[in-house]
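Descriptive structure summary
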Amino acid sequence: MRRLLHLCFLVGALLSGYSTIAQDRVVTGKVTSSEDGTPLVGVSVQAKGTSRGVNTDATGTYRLSVPANATLVFSFIGMITQEIAVGNQTQIDVQLGSNSRELTEVVVTGFGSQIKRDVTGNIAKVDSKKLENIPNPSFEAALQGNAAGVQITQGNGKLGQGISVRVRGTSSISASSQPLYVVDGVPINTQNLSNNTAPTNPIADLNPQDIESLEILKDASAGAIYGARAANGVVLITTKRGKAGKTNVNVGFQYGSSKPTRLRDYMTAEQWLSYFRVAAANTNSTNSLNTIINRSAAGTTPGAATYDWQKAAFQDAPFSQTDLNISGGNEKTKFYISGQYLDQKGILIKNSLERFSGRLNLDHKANNWLSIGMNMSLARTLQNRVSNDNAFSTPMQAVAIPPITPLIDPRTGLTSGTPPGTSANFPIYYNPFISAKYSDYKTLVFRNISNVYGQVDFTKWLSFRSELGVDLLNQNENTYYGTQTVRNISGAVNGLGESRYSQVMNYNTNNYFSFNKAIGDLHSITATLGMSYQETRIDENFVEGQQFPSDAYRFIASAADITGGSSTRSRFSFLSYFLRANYKFADKYLVGLSGRVDGSSRFGNDSKYGFFPAISGGWILSEEKFLQESKALSFLKLRASYGLTGNAEITNFPALGLWSSSGYAGVAGQSPSQLRNQDLKWETTTQTDIGLDYGILNNRINGEIDYYVKNTNDLLLSVNVPGTAGFSTQVRNIGKMQNKGFEFTLNSQNLIGAFKWTTSLNISNNKNRVVEIDKSPSGEPVPITGGFDQVNRAYPGQPLGAFYMIEYAGVDKANGDALYYRNDTEGDRTTTNDPNEAQRVFVGSPLPTWFGGITNTFSYAGFDLSILFNGQFGNKVYMAGGKFERASGDYFDNHLASELDYWTPENPNASTPQPRLFGANGTAVSSRYLSNASYVRLRNVSVGYTIPKTVLNRLKVDRLRVYFLAQNLLTFTKYTGWDPEVSTDAVSGNIAAGQDFYSAPQAKTLTVGLQIGF
């Protein structure tokens, strides 16, 4: 009987266990952010009260077997924990809210992504909200003041012109210092293809409204995955994608107008006449002056009227933009479609930009293991361009014409200086408005940046992805100079036309495995292993023709005489293999390793391949017991990285021995043109970064602090070689440079609730120093010069491009002479009025030592206000045009009104020397024309109102917002030129920084806009 009872109990227990097992169920789901719907990686999903649990994978999904009566606990550091009863559910999708979006947002890292909390490198992220509605054709403008360590210089106010971007300083003397741009996995072409020295900006072909986020890889740990091309930083551009659910339609309209941020105060006609008569009297040159006055006045009474040539250089600059995007889909197929039309006039006459662009992004999950997709963008950009700053045909050069010269010649009724008649010597300088009226400089670009991908998910933790991308750029520059421009273009007697066609074909493929697995409760490993290949070919054709029937015929086909032509082809390729692994232990100890092997056709046979490794580590101190109980400190992570990156952005064949075609008396031939260097290799930059990520008061205050040191070796320089070699120079790896500095970012939620106020602050310090360059046979450094008047210099111990010139000492109170410090011995501050007796010294740097920005954002009851200030400090600018407009009467240019405070016996304390026509009193290249260029600028002010939902429901729309945006509204500076944010396009190269030569100021733009969502 007892055995029977035991058997019954045993069967009951087995049945009970079977019943329990039978009641278990498998629950799947996806965990996303409640703020933007992005998948959350590494979220703990735990059956409450049990040991059963998993972490979400790279796509935010999970799969867990639990009892039917279980409660799932979703938790993650910095997120609001949620508990959900399973009940009869088999799929539970969860959106987690965050007390600190900064710690849990996903950042793109190159061939993958991580949550910011686990990143051990330095990556600055700028999301789409910072890019929206900025009235600028290129997105780089939206980065100004928004990313620590990233210095943006727009250079001038011309539309579509090149923009300088420097990530943690300038790292090269001769090679490019622009970062690598990667759009959805495709490294894109950013090479200037312009036919003159006014550069184009290929980035302007991208529609900023299509960008979801920008990640800037700054340190070696973040950038080493791009190896030989990451020394200048990497900008990863991720475009918007569709999400499962309702189809969303968004329409945007913008209208605005621009004008110069600043006009300068030039002399009136009466002031100019009085000033130059004094200058001529001081040098007995009155007869010469009278000749110029009679020629300039065009038969009018000199001084009877003032003609404002500066104002005439600018035009009304309306701006309009229309955007449309449609996105949506389901769990299998998601799509994003967009289109934009931009029509913008520049503040300079004849300058405008028109762009049509479209995008189609598709993602399709063919089954549970295969995903495929594509990204395709098309753009057509037409620019009406103006000449470079040093051309007499550029509108800004008009300020040099005396104010006594009428804009319209009263004798002919034509633009002053228009042939026939006295055009050869009237006005005194060539009138750029002739070119504006009778010439064209049009650049038409068709751009296609696209890629396709396929991804195979072998398991939840192992996948393989293959991408094929293209960047096809076709650029056609058509230039025509009418017969009226003959004074400026000597060949344009009967019209001169030029046509240049450039085609860039850039192909890229990435193929890589991704591994992401949690091992037990303590260990987590992610890894990426793959290869990449890129090939770029550039074809250019040029033809020139003269003798056109009339100005109505402006294409080469109408030219009677074809006077020039050429065609070229150039190509380069990269073959790369890369590996990255990240390990996390106990959710608080982080280690990252990466390495890339790059091979490039640009370098010598003995040095085609290079290896670029990096290591990083992180320690989340706030997870330690001694800090877990802290009420003030929410998050604290210490991280450090060290690695090697490269710079390969040089011309395509510097390592080869080249031959060029040559001929004599009609007989074809060839001759050597370049000395080969089989050992030529990359510039290499080793970078050390130590950083601290912090969060205070439940992460209402958070940010980063970083210190870095970048040492660049094996600089690519063209150096002199002995004449016995048969050549004068050879490209070699010689020289060293260093950048080091601090970065500080702070984000705070100052007020929460109905009235919200947030602040975002970043401050950066960078110190650049040339360490070593080529040396002469005697062992002395061979300085490298650049810029106007060769005042910029690369020299050991100095910042790159440091200004090297004689030092201006003011005005001699006794006689009005311009004085200069001799500086012939150390500490010698005696003065001389002979500039030839003064020694040149280093007098300042074009590179800022500090720069940053601060954004304050407010919102209440549907209203929003955002204010961004940015600035830079510690740099100087050489005003190369100063010796003409502040020439103490030495040239006939119109002078600044400030020159009226000149020396006389009655005014011995004057600020400017005595005016002397042809006297060269103060016109020597000196620090007189060097100006402090520090500034603070009210970069953006945005005010908007979002219509309440109760009203929108009656209108059958989901979102309706009206807004007003002001850009470059105020500038605070002591700079005496048009704009302190300047880098003339008349000179190029990293050395020639901080130069201003009649460069147009930035535009002040006021915009109203409307956004509608359905």
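Here the structure is shown first, and the text comes after it.
In this report, the structure presented in the accompanying data block is examined. (Residues numbered from 1 in each chain as written. Predicted model: local features only at pLDDT ≥ 70, side-chain atom pairs only at ≥ 80, totals over all residues. Heavy atoms only, no water.)

**A look at the sheet that holds strand 43 (residues 831-832)**
Pairing between the strands of a sheet is mediated by backbone hydrogen bonds and can be parallel or antiparallel. Rule in force here: Only when DSSP finds a minimum of two bridges between them are two strands counted as paired. Numbering of helices and strands starts at the N terminus; helices are DSSP runs of H or I of at least 4 residues and strands are runs of E of at least 2.
With antiparallel pairing, the three strands of this open sheet are ordered in space as 41-42-43. Unpaired on one side and paired on the other, strand 41 (808-811) and strand 43 mark the two borders of the sheet. Here three bridges tie strand 41 to strand 42 (residues 818-821), and the two strands are oriented antiparallel to one another. Among the inter-strand pairings, Val811 is bridged to a residue of strand 42, identified as Ala818.

**Here's the deal with the packing of aromatic side chains**
Which entries qualify depends on this criterion: A pair of aromatic rings is counted whenever rings of Phe, Tyr or Trp (Trp by its six-membered ring) have centres within 6.5 Å, and the orientation is called stacked for planes under 30 degrees apart, edge-to-face for over 60 and tilted otherwise. Throughout this description, buried means an accessible area under 20% of the type-specific maximum (1.4 Å probe, protein chains only), exposed means over 50%, and partly exposed covers the range between.
Across all of its chains, the model carries 33 aromatic pairs by this definition. Ring geometry for Phe111 versus Tyr512: centroids 5.4 Å apart, planes at 75 degrees, classification edge-to-face. Note that Phe111 is positioned in the loop between strand 8 (106-108) and strand 9 (113-115) and Tyr512 in strand 24 (residues 496-519), a separation of 401 residues in sequence. Pair check on accessibility: Phe111 and Tyr512 agree, each one buried. On the basis of an interplanar angle of 35 degrees and a centroid distance of 4.6 Å, the ring pair of Trp272 and Phe276 is categorised as tilted. Of this pair, Trp272 and Phe276 both sit in helix 4 (residues 269-282), four residues apart, roughly one helical turn. Note on accessibility: Trp272 and Phe276 belong to one class, buried. The rings of Trp272, Tyr275, Phe276, Phe892, Tyr902 and Phe918 are connected pair by pair, giving a single aromatic cluster.

**Details of the pairing of strand 15 (residues 211-217)**
Counting buried positions over the seven residues of strand 15 gives six, a clear majority of the element. Here strand 10 (residues 123-127) runs beside strand 15; their pairing, made up of five bridges, is antiparallel. Within strand 15, the position partnered with Ile123 by the bridge is Leu217. Pairing between strand 15 and strand 16 (residues 234-239): six bridges, direction antiparallel. Opposite Ile216, over in strand 16, you have Val235 as the bridge partner.

**As for the pairing of strand 32 (residues 683-696)**
Among the 14 residues that make up strand 32, ten are buried, leaving the element largely enclosed by the rest of the structure. Sheet topology places strand 32 next to strand 33 (residues 701-713); 13 bridges connect them, and they run antiparallel. Note on strand 33: the bridge partner recorded for Gln687 is Lys710.

**Notes on the sheet that holds strand 13 (residues 180-183)**
Within the open sheet, the five strands sit side by side as 10-15-16-13-14. Their pairing is mixed. The open sheet has two edge strands with one neighbour each: strand 10 and strand 14 (186-187).

**Topic: helix 4**
Put simply, the test is: By definition here, a helix of n residues has an expected span of 1.5 Å times n minus one.
Here helix 4 spans 20 Å end to end across 14 residues, near enough to the 20 Å set by a 1.5 Å rise per residue. Backbone geometry just after helix 4 places Asn284 at a positive phi near 55 degrees.

**Quick look at unusual backbone geometry**
A cis geometry characterises the amide bond from Phe426 onward to Pro427, with omega recorded as -10 degrees. Examined against the element boundaries, Pro427 turns out to sit in the loop between strand 21 (370-384) and helix 7 (432-438). At Gln547, a residue that is not glycine, the phi angle is positive and equals roughly 65 degrees. Structurally, Gln547 is set in the loop between strand 25 (523-546) and strand 26 (561-585).

**A word on the side chain of Asp706**
Going by this rule: We define a polar contact as two N or O atoms separated by no more than 3.5 Å, with the added condition that, inside protein, one atom must be a possible hydrogen donor and the other a possible acceptor, whereas residues neighbouring each other in sequence contribute only through side-chain atom pairs. Whether two residues are in contact is decided by their heavy atoms, any of which lying within 4.5 Å being enough.
By secondary structure assignment, the location of Asp706 is in strand 33. By relative accessible area, which is 2% here, Asp706 ends up buried. Looking at Asp706, its side chain comes within polar contact range of the side chain of Asn122, at 2.9 Å. With near-sequence residues (within four places) excluded, Asp706 lies in contact with Asn122, Arg168, Arg639, Asp689, Ile690, Gly691, Gly741, Phe742 and Glu743.

**Observations regarding a nonpolar patch on the surface**
Condition: Patch membership requires over 30% relative accessible area and the absence of a salt bridge. Like charges are linked within 9 Å, and nonpolar side chains (Val, Leu, Ile, Met, Phe, Trp, Tyr) within 5 Å. All accessible-area figures derive from a Shrake-Rupley calculation using a 1.4 Å probe, and residue coverage is judged against the displayed protein chains alone. The working definition used for a salt bridge is a side-chain nitrogen of Lys or Arg within 4 Å of a carboxyl oxygen of Asp or Glu.
A contiguous nonpolar patch, built from Tyr255, Val943, Phe964, Leu1006 and Val1008 and spanning about 430 Å² of accessible area, is present on the exposed surface. Tracing the backbone through its elements, the reader meets Phe964 in strand 50 (residues 959-973).

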